[in-house]
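Listed below are the residues making up each chain.
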Amino acid sequence: MTAKAYSLLAESKAIPELQVIVAGTGNVGSEFLTRFSKQQQRFSGKIALQLAGIVNSRHALLASNLAADSWQRDFQQFGKGYAAADLVAYLQDLAGPKVVIDITPSQSFARQYPALIQAGCHIISANKQGVTLPDAEYQALRQQLRQHKLCWLSNTTVGAGLPVQRIIQELLQSGDQIQRISGVFSGTLSWLLCQYDGSKPFSEFVLEAQQLGYTEPDPRDDLSGKDVQRKLLVLARELGLKLDLADIRLNPLLPTELATGEWQDFWQQRERLDRQMLALYQQAKANQQVLRYAASLSLQAGQIKAEVSLQAVALDAPLAALAPCDNIFVIESNWYRDNPLVLKGPGAGSIVTAGGLHADLAQLVAQLAG
Ligand SMILES: NC(=O)c1ccc[n+]([C@@H]2O[C@H](COP(=O)([O-])OP(=O)(O)OC[C@H]3O[C@@H](n4cnc5c(N)ncnc54)[C@H](OP(=O)(O)O)[C@@H]3O)[C@@H](O)[C@H]2O)c1
């Protein structure tokens with residue numbers, strides 16, 4: 001074999017690289033980064049995963065070939081203040097396949113996606129803000145991704161590590177038609193309604209959930225049901241439906257008068273919530289039912305019905321058999337008509353969510369490395 005032939009062979013076997021930039025170093029971001037070096041080893045021989053940047057809301061460390069093992073120390077030592085434009089400029093200059101992993105809760109970060117795509121980045125999001133943008137903006141992003149032949153994976157935006165979007169995609173690709181998706185999509189409300197037994201006021205369970213770190217800083221954000229509404233929108237879009245948040249009927253768990261204003265004012269009036277919840281709980285119990293805050297999306301004869309609401313469900317219904325904090329997704333389709341497909345498990349937590357993000361990254365690697 002000639003020298004030229006050897007060099008051609010070596011070139012053809014060159015391992016592709018993927019530059020990975022991580023945004024967010026909080027609960028999930030830290031867990032994701034801590035596992036990164038193991039994944040580098042797992043994929044070595046197939047693709048070289050290069051850690052090429054870490055940013056949070058205050059600092060950025062932007063350099064290729066960062067050592068994943070010492071990310072925390074290096075980020076603390078060398079991370080510097082930056083502007084959004086610095087990140088975009090860095091990404092524009094960065095060669096080769098690249099992916100930004102958005103593990104922030106930030107709408108302003110999600111609004112940078114068009115610039116990131118323009119710079120040639122694939123996107124993986126745990127952040128729901130991008131996948132729930134107004135439909136026109138969302139469709140424009142999808143179009144831009146198609147033009148640039150880039151991927152956007154967002155499996156952790158609903159159900160944390162549970163692969164609900166992936167299951168929906170596989171069913172659709174197999175030719176199935178989904179008629180209904182329902183379930184419990186909020187770990188916080190799942191915990192509250194599984195724990196609440198009428199033995200003490202509902203607001204005391206809310207306080208306990210807050211102290212355990214299960215709620216948003218203001219638990220009324222969970223009780224408003226808006227997070228569940230957003231998650232149902234994500235699944236509706238996964239089905240190809242052009243919906244906006246306003247198309248999903250929202251019946252908050254919290255009486256509307258208590259939803260706004262100071263926490264202190266809410267706390268003084270909490271008895272109204274407690275009375276309402278006790279009455280609903282007792283009524284459900286008398287009917288051999290349990291309370292669940294449920295989401296449902298049904299597609300019947302071209303009619304779309306989407307809503308999130310507090311419901312009383314029979315003890316033998318799939319939504320009843322739930323461990324506190326669990327999410328459950330019940331999918332009814334042509335293949336799963338009489339006996340629905342049920343996916344259940346923890347719907348929050350940094351370990352499972354970081355795992356889900358690595359699963360998205362592995363999916364991208366499979367596409368790039370073949
Ligand atoms: N925790 C879960 O169980 C779970 C499950 C599924 C999905 N998620 C989603 O995952 C994301 C992260 O959750 P988390 O629990 O890790 O949150 P977190 O602990 O609050 O961390 C958020 C991180 O994002 C950074 N950040 C905020 N705004 C930013 C911006 N504009 N640019 C760059 N970085 C920014 C923060 O920076 P600073 O450090 O400077 O504040 C912080 O490092 C959220 O979107 C959440 O909804 C979480």
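Everything numeric here is computed off the predicted structure, so don't read it as measured data.

Draft legend 1. Region of the structure containing the overall build of the chain. Regarding its fold elements, the chain presents 17 helices and 13 strands. For 370 residues, the compact-globule estimate of 2.2 N^0.38 gives 21 Å, and the C-alpha radius of gyration of the chain, at 23 Å, lies within 12% of that figure. Principal-axis analysis of the C-alpha atoms gives the chain an extent of 85 × 50 × 35 Å. Here the chain, with 370 residues, has 48% of them falling under the buried criterion. Considering only contacts in the chain between residues 6 or more positions apart, those separated by 24 or more positions represent 66%. Accessible surface for the chain amounts to roughly 17700 Å². Of this, 50% is attributable to carbon and sulfur atoms. In the chain, 33 side chains carry a positive charge and 34 a negative one; their mean positions are 5 Å apart.

Draft legend 2. View of helix α3 (residues 36-43). Taken together, the buried positions of α3 are occupied by Phe 36, Ser 37, Gln 39 and Phe 43. Viewed along the axis of α3, the buried residues span an arc of 160°, placing them on a single side of the element. Set apart from the buried face of α3 by more than 90 degrees, the exposed residues are Lys 38, Gln 41 and Arg 42. Elements that come into contact with the buried residues of α3 comprise β1 (17-23), α2 (27-34), β2 (48-55) and α17 (350-369). Count one or two residues on from α3 and you reach Gly 45, which has phi positive near 100°.

Draft legend 3. Just the site of the ligand, in detail. If you check the shell around the ligand, you find 22 residues, and the closest are Val 28, Ser 57, Arg 58, Thr 104 and Gly 349. In the model, an oxygen atom of the ligand is placed 2.9 Å from a nitrogen or oxygen of the Asn 27 main chain. At 3.1 Å, a side-chain N or O of Ser 106 approaches a nitrogen atom of the ligand. Burial of the ligand by the surrounding chains reaches 74%, relative to a free accessible area of 900 Å². Contributing elements (two or more residues each) for the shell around the ligand: α2 and α6 (107-110). Residue composition of the shell around the ligand, by class: 7 nonpolar, 13 polar and 2 charged.

Draft legend 4. Looking closely at the side chain of Arg 220. By the secondary structure assignment, Arg 220 is in helix α13 (residues 220-223). Engagement of the side chain of Arg 220 in a polar contact is seen with the backbone oxygen of Leu 258, the distance being 3.4 Å. Sequence-distant contacts of Arg 220, defined by excluding residues within four places in its chain, comprise Leu 254, Leu 258, Ala 259, Thr 260, Gly 261, Glu 262, Trp 263 and Phe 266.

Draft legend 5. Just the sheet that holds strand β13 (residues 341-346), in detail. Taken together, the 6 strands give an open sheet; going across it, the order is β9-β11-β10-β8-β12-β13, and neighbouring strands pair in mixed fashion. Lying at the two open borders of the sheet, with one neighbouring strand each, are β9 (249-250) and β13. Pairing geometry for β9 and strand β11 (residues 303-314), over 2 bridges, is parallel. Of the residues in β11, the one forming a bridge with Leu 250 is Val 308.

Draft legend 6. Structural view of the side chain of Thr 132. Considering the arrangement of structural elements, one finds Thr 132 in the loop between α8 (128-131) and α9 (135-148). According to the relative accessible area criterion, Thr 132 is buried, its value standing at 11%. For Thr 132, the side chain forms a polar contact with the main-chain oxygen of Lys 128, separated by 2.7 Å. Each residue touching Thr 132, except ones within four places of it in the same chain, is listed here: Arg 230, Leu 233, Val 234 and Arg 237.

Draft legend 7. Just the environment of Ala 115, in detail. By the element assignment, Ala 115 lies in helix α7 (residues 113-118). Exposure remark for Ala 115: the relative accessible area of 28% places this residue in the partly exposed category. Each C-alpha atom, one on Ala 115 and one on Val 88, is 6.7 Å from the other, the two residues being 27 residues apart in sequence.

Draft legend 8. Region of the structure containing the pairing of β2. Burial runs high along β2: 7 of the 8 residues are buried. Relative to β2, β1 runs parallel, the two sharing 7 bridges. Bridge pairing links Glu 17 to Ala 48 in β2. Pairing between β2 and strand β3 (residues 59-61): 2 bridges, direction antiparallel. Residue pairing in the sheet places Ile 54 in a bridge with Leu 61 of β3. Linking β2 back to β3 in an antiparallel pair, the connection comprises 3 residues.

Draft legend 9. Local environment of the UniProt feature "domain: Aspartate/homoserine dehydrogenase NAD-binding" (unreviewed entry) in the chain. The feature "domain: Aspartate/homoserine dehydrogenase NAD-binding" (unreviewed entry), as given by UniProt, occupies residues 24-149 in the numbering adopted here. Secondary structure over residues 24-149 splits into 49% helix and 18% strand, and the C-alpha atoms at its two ends are 25 Å apart.

Draft legend 10. Looking closely at the UniProt feature "domain: Homoserine dehydrogenase catalytic" (unreviewed entry) in the chain. On the UniProt side, "domain: Homoserine dehydrogenase catalytic" (unreviewed entry) is annotated at positions that read residues 163-361 here. The distance separating the terminal C-alpha atoms of residues 163-361 is 13 Å; by composition the span is 41% helix and 24% strand.

What counts and what doesn't
Residues numbered from 1 in each chain as written. Predicted model: local features only at pLDDT ≥ 70, side-chain atom pairs only at ≥ 80, totals over all residues. Heavy atoms only, no water. Helix = DSSP H or I, 4+ residues; strand = E, 2+ residues; numbered from the N terminus. Rg over C-alpha atoms; globule rule 2.2 N^0.38 Å. Buried < 20%, exposed > 50% of the residue type's maximum accessible area, 1.4 Å probe, protein only. Contact = heavy atoms within 4.5 Å. Areas by Shrake-Rupley, 256 points an atom, 1.4 Å probe, with all protein chains shown as cover. Lys, Arg positive; Asp, Glu negative; His and termini not counted. Charge placed at Lys NZ, Arg CZ, Asp CG, Glu CD. Arc of directions from axis to C-beta. Near = heavy atom within 4 Å. Polar contact = N/O pair within 3.5 Å; in protein donor to acceptor, adjacent residues only side chain to side chain. Nonpolar A, V, L, I, M, F, W, Y, C, P; charged D, E, K, R; others polar. Pairing = 2+ DSSP bridges. UniProt positions renumbered as here; feature names shortened; annotations may be inferred.

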